[in-house]
Amino acid sequence: MRNFLIATLVCWVLVVGLIIQHDRETAGPAKTDVVGGKVQIVFWHAMGGPLGIVMDDLITRYNKSQSSYYVKSVNMGSYDTLAKKVLASLVANEAPDISQNYETLTKKFIKHHKIVCLDDLIASESEDIKADIVPVLLENNTFDGRLYSFPFNKSVPVLYYNKNMFKKVGLDPDRGPDTLEEMVEYCRKITKYHRETAGEDKNVYGYGCSKANVWGFLNRVLQYGGKIVSDGPDGVMKSGFADPAAVKALDFLQSMLREGLAREGQAFDHQNDFIAGKVAMIESSIVSKVFMEEDIKNFEFGIAPLPGHLMVAGEGNQPETKAGEINRGVVLSGSNINIFNNGDPKKIAGAWDFVKWFTSTDIGAEWSVRTTYLPVRKSSVESEIVKKALEADANLRAPFIQLDYCHFEPRLSVWFEIRDLMADHLERATIDMGPAETYCNEMARDVDAILKHATH
Amino acid sequence: MFKFKHPDHVPVHTLLIIGSIFMLFPFIWMIATSFKSQDEILSTSKKIVLLPDLARPGFLNGAEEKARINRKNDEAAAWQAEQAKPAAERNQKIRAPFQWLDNYLFALRAQPFYRFFLNTIFVSITVTSVSLFFASLAAYAFAFFNFPFKNTMFMLMLGTMMLPQQALLIPNYIVLSKIGWVNSYLALIVPWFASAYAVFFLRQFFMQLPKDLFEAATIDGCSRFQFYYKVVLPLSIPSMVTLGIFSFLANWNSFVWPLIVTNDTNLRVIQVGLSYFSSEAGTKWGPLMAASTMTILPLVIGYFLAQKQFVESQATTGMKE
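Criteria and cut-off values
Residues numbered from 1 in each chain as written. Chains lettered and ligands numbered in written order. Predicted model: local features only at pLDDT ≥ 70, side-chain atom pairs only at ≥ 80, totals over all residues. Helix = DSSP H or I, 4+ residues; strand = E, 2+ residues; numbered from the N terminus. Buried ≥ 20, exposed ≤ 12 C-beta atoms within 10 Å, placed from the backbone. Contact = placed C-beta atoms within 7 Å. Domains from an automatic or database assignment. Nonpolar A, V, L, I, M, F, W, Y, C, P; charged D, E, K, R; others polar. Pairing = 2+ DSSP bridges. Right-handed = clockwise from strand over helix to strand, strands pointing away. pLDDT = per-residue confidence, 0-100. Axes fitted to C-alpha atoms, helices over the stretch in contact; angles between N-to-C directions. Parallel < 35°, antiparallel > 145°, perpendicular 65-115°, else oblique. Left-handed = near helix turned anticlockwise from the far one by under 90°.

### Some points on the overall build of chain B
Inference 1: A tally of helices and strands in chain B yields 15 helices and two strands.
Inference 2: A total of 321 residues make up chain B; the buried ones form 25% of that total.

### Observations regarding the overall build of chain A
Inference 1: Tallying secondary structure elements over chain A gives 20 helices and 19 strands in all.
Inference 2: Taken along the three principal axes of its C-alpha coordinates, chain A extends 65 × 65 × 55 Å.
Inference 3: Here chain A holds 456 residues, and 44% of them are scored as buried.
Inference 4: Partitioning the intrachain contacts of chain A with sequence separation of at least 6 by distance along the chain shows that 72% fall at a separation of at least 24.

### Observations concerning unusual backbone geometry
Residue and element names in this part refer to chain A.
Inference 1: One non-glycine residue, Asp-144, lies in the positive phi region at around 50 degrees.
Inference 2: A positive phi angle is found at Met-433, which is not glycine, with a value near 60 degrees.
Inference 3: With respect to the element layout, Met-433 can be found in the loop between α19 (415–432) and α20 (436–451).

### Points about the environment of Gln-38 of chain B
Inference 1: Note that Gln-38 of chain B resides in helix α2 (residues 38–41).
Inference 2: On the basis of neighbour counts, which here come to 22 C-beta atoms within 10 Å, the residue Gln-38 of chain B falls in the buried class.
Inference 3: Along the sequence, Gln-38 of chain B and Ala-135 of chain B sit 97 residues apart, while their C-alpha atoms lie 47 Å from each other.
Inference 4: The contacts of Gln-38 of chain B, once residues within four sequence positions are left out, are Asp-295 of chain A together with Trp-285 and Gly-286 of chain B.

### Comments concerning the domain arrangement of chain A
Residues and elements named next belong to chain A.
Inference 1: Split by domain assignment, chain A resolves into domain 1 (27–153 + 335–401) and domain 2 (157–331 + 412–451).
Inference 2: Once you take the C-alpha centre of each, domain 1 and domain 2 turn out to be 31 Å apart.
Inference 3: Taken together, the residues that form the side of domain 1 that touches domain 2 break down as six nonpolar, four polar and two charged.

### What about the pairing of strand β3 (residues 69–75) of chain A?
All names here are of chain A.
Inference 1: The pairing of strand β2 (residues 38–45) with β3 spans seven bridges and is classified as parallel. Bridge pairing links Val-39 to Tyr-69 in β3.
Inference 2: After leaving β2, the chain enters helix α2 (residues 49–65) and then returns to the sheet as β3, a path that is right-handed.

### Some remarks on the environment of Ala-107 of chain B
Residue and element names in this part refer to chain B.
Inference 1: Tracing the backbone shows Ala-107 in helix α4 (residues 102–110).
Inference 2: The sequence separation of Ala-107 and Leu-213 amounts to 106 residues, and the corresponding C-alpha distance is 55 Å.
Inference 3: Contacts of Ala-107, omitting those with residues within four sequence positions, involve Phe-113, Pro-287, Ala-290 and Ala-291.

### Let's talk about the interface of chain B and chain A
Inference 1: Contact with chain B, which involves 35 residues of that partner, is made by 44 residues of chain A.
Inference 2: With five residues, the top contributor of residues to the side of chain B that touches chain A is helix α5 (residues 113–144) of chain B.

### Some details on the confidence of the model for chain B
Residue and element names in this part refer to chain B.
Inference 1: On average, chain B scores 81 in pLDDT, and the residues at 70 or more come to 80%.
Inference 2: Within the model, the stretch residues 55–60 combines pLDDT values under 50 with four contacts to residues more than four positions away or in other chains.
Inference 3: Across residues 315–321, where pLDDT falls below 50, the model places three contacts with residues more than four positions away in sequence or in other chains.
Inference 4: Prediction confidence for the complex, expressed as pTM and ipTM, is 0.77 and 0.72 respectively.

### With respect to the packing of α5 of chain B against helix α9 (residues 196–208) of chain B
Residues and elements named next belong to chain B.
Inference 1: The interhelical angle for the contact between α5 and α9, taken along N-to-C directions, is 50 degrees, at an axis separation of 8 Å. The angle between the axes of α5 and α9 places the two elements in the oblique class. Along this stretch, α5 crosses α9, giving a crossing that reads as right-handed. Of the residues in α9, those touching α5 at Ser-131, Leu-132, Ala-135, Ser-136, Ala-138, Ala-139, Tyr-140, Phe-142, Ala-143 and Phe-144 are Ala-198, Val-199, Leu-202, Arg-203, Phe-206 and Met-207.
Inference 2: Its residues placed into classes, the contact of α5 with α9 shows 13 nonpolar, two polar and one charged.

### A short note on the confidence of the model for chain A
Inference 1: Confidence in the prediction of chain A, expressed as mean pLDDT, is 88, and 96% of residues score 70 or more.
Inference 2: Mean pLDDT in chain A bottoms out at strand β1 (residues 34–35) of chain A, which sits at 68, and peaks at strand β8 (residues 157–162) of chain A, which reaches 95.

### Comments concerning the sheet that holds β8 of chain A
Either a parallel or an antiparallel arrangement is found when strands of a sheet pair, and the pairing is made through backbone hydrogen bonds.
All names here are of chain A.
Inference 1: With respect to topology, five strands assemble into an open sheet ordered β12-β9-β13-β8-β14, the strand pairing being mixed. Edge positions in the sheet fall to β12 (262–265) and β14 (301–304), since each has one partner strand and no second. Averaged over all neighbouring strand pairs, the angle between strand axes comes to 25 degrees, with direction disregarded.
Inference 2: As judged from the three bridges shared by strand β9 (residues 205–210) and strand β13 (residues 279–285), these two strands associate in the parallel manner. When the sheet's bridge partners are listed, Gly-208 is paired in β13 with Ile-282.

Here's what the structure looks like:
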């Protein structure tokens, strides 16, 4: 026993020594505000993996590019963790200077005066920055007419498809299906081919999707011309889930499953199925491209805009959709950055300087090309960097085609709760396989009950 | 014919062997996965392939095996051709073929795992030793002495065990932030110095020690503290060890608390580091399993090294009534 205790003690002393040594090498857990004469700006984010590497690379470049500020990047792991940490830090008055956040949180921050209004910072700039932001992203970050957060890493869902399978069944490997109806045809061909051809894996499906996928459902609702949430005549918000568009959206998925064209999995199963060559097409965020490129080795994959719905006269209730046009409506995902009001004007100025730099035309374009996130500025979209990259890599083009069709989810604090509720109904719909109207009506009823008490 | 030395042990041992296979399977799977490439992990094959893709001639059928080897050779050739080019002209998409240690190297490079390990070891050892010391002192008092409100205090202390950790998370965090401990080692360590469970556990054990020992020692001139460290502690080594293992494992595996109270990468513990391999765009199973293997390795090695000590200490605690 004594030997064991001595060994433990030795181990402890050794570890403490190594920690002290490592702290010296890495400048330690800096609580200081000034590093080497520069004002330190603490930036909390959730960018890990290959995307995080790109971001840290850009941050290093920023730190070298000027002598007033030093941005310290702190990775919090996941968005979920980040949100929890930010909320906790605000309670403790230990908030970072900048962080990534969803819009639903931004609203809370505004209410409690925790973040800086960007309009005031933009006002002192000579350039008209607001006019250059992609309209849907600007709208997404504007609250009561004022810009409070800056779009940072916004992404769209796209269609990934297996070019080798397309070739096998005689489909053009350089383009994806344009409409949902066309996609069903593609799925039939691919599924049938694998069922009937000797020597092929009989378990290959045309389409892979995940159970209770709210994102996918909302995209479909938009494509059929529906609305997610709208203001009723009495000022009470109402969901559009009992409308024909939503019923069609759910029915589309159910029909594919019923016909045996699609395979449903949990969470990221569909993505893994695609990588493993078990399904020919999946819907996933464009950001997954970077990961797919690392993981897919046995076939070539293509990325196409999500197939849309060919609008018929009188269909749908979005004012901007016209009959005879393909509606490619998609829901944006990803986050924005907030600048926290920590009471130090120097830090706020530094935070703004960094945000401005990161989203400037060329840096924004580079960020977009290297990570596939949407560029924030119109000038980035038209920049040479983006043009060249799109020419070199056809798989990068889809988000730019979808840019004009982007919508965002309601920025309500109850929205996460609603999403969970929707997921339950969607899951039931594909397990029980009853008529789509039933689930849609029930979903609308439950969601409206929450919306009744929600405020903008 | 083969003869069993103890035929009556056969059924029990068979059961135990089957049980241990069930228990070990996840670990074996984890270790096997840590040596596989992502496409092997997500392989469509219906066979359960435990071994990673090392040189395994004849494992697959002839044609498949040939195709596989060709593919490997092509990959290696493409990679080598790319390496010959000047860096600027290299095609970034052509990557080196998977080597069996790649997941480990990736995991080690992706995060400062070295520091995460140091932090976890430091926190676990400190918390375990200090909390054992405090708990044994408290349990000693509860077991051997009478003082006013003893039972009330004991009940109050037991009451804290009824509160779930989740309920304490926010109040604890706020207390720590008020005293300025958030984002420091103090926050990781100090709140765990007192453990009601440990006090309760040790008190129950101490109560079983005969009171005669205490009286005899007192007559021989032992002070209360001398009795504690000369008699009680040596007699309670088995229970202390058990408790120590529980406490060490709990600290080694703790995730939520370290996540909430630390912001700096240099203060992160290993479990938080593991969570980094799952992101919104999917999970990197290979590196995650490699990192998990590395995480449990010190525990396994530590246990085997210390096992002898534990068994020995248990064997020498018999006493005559």
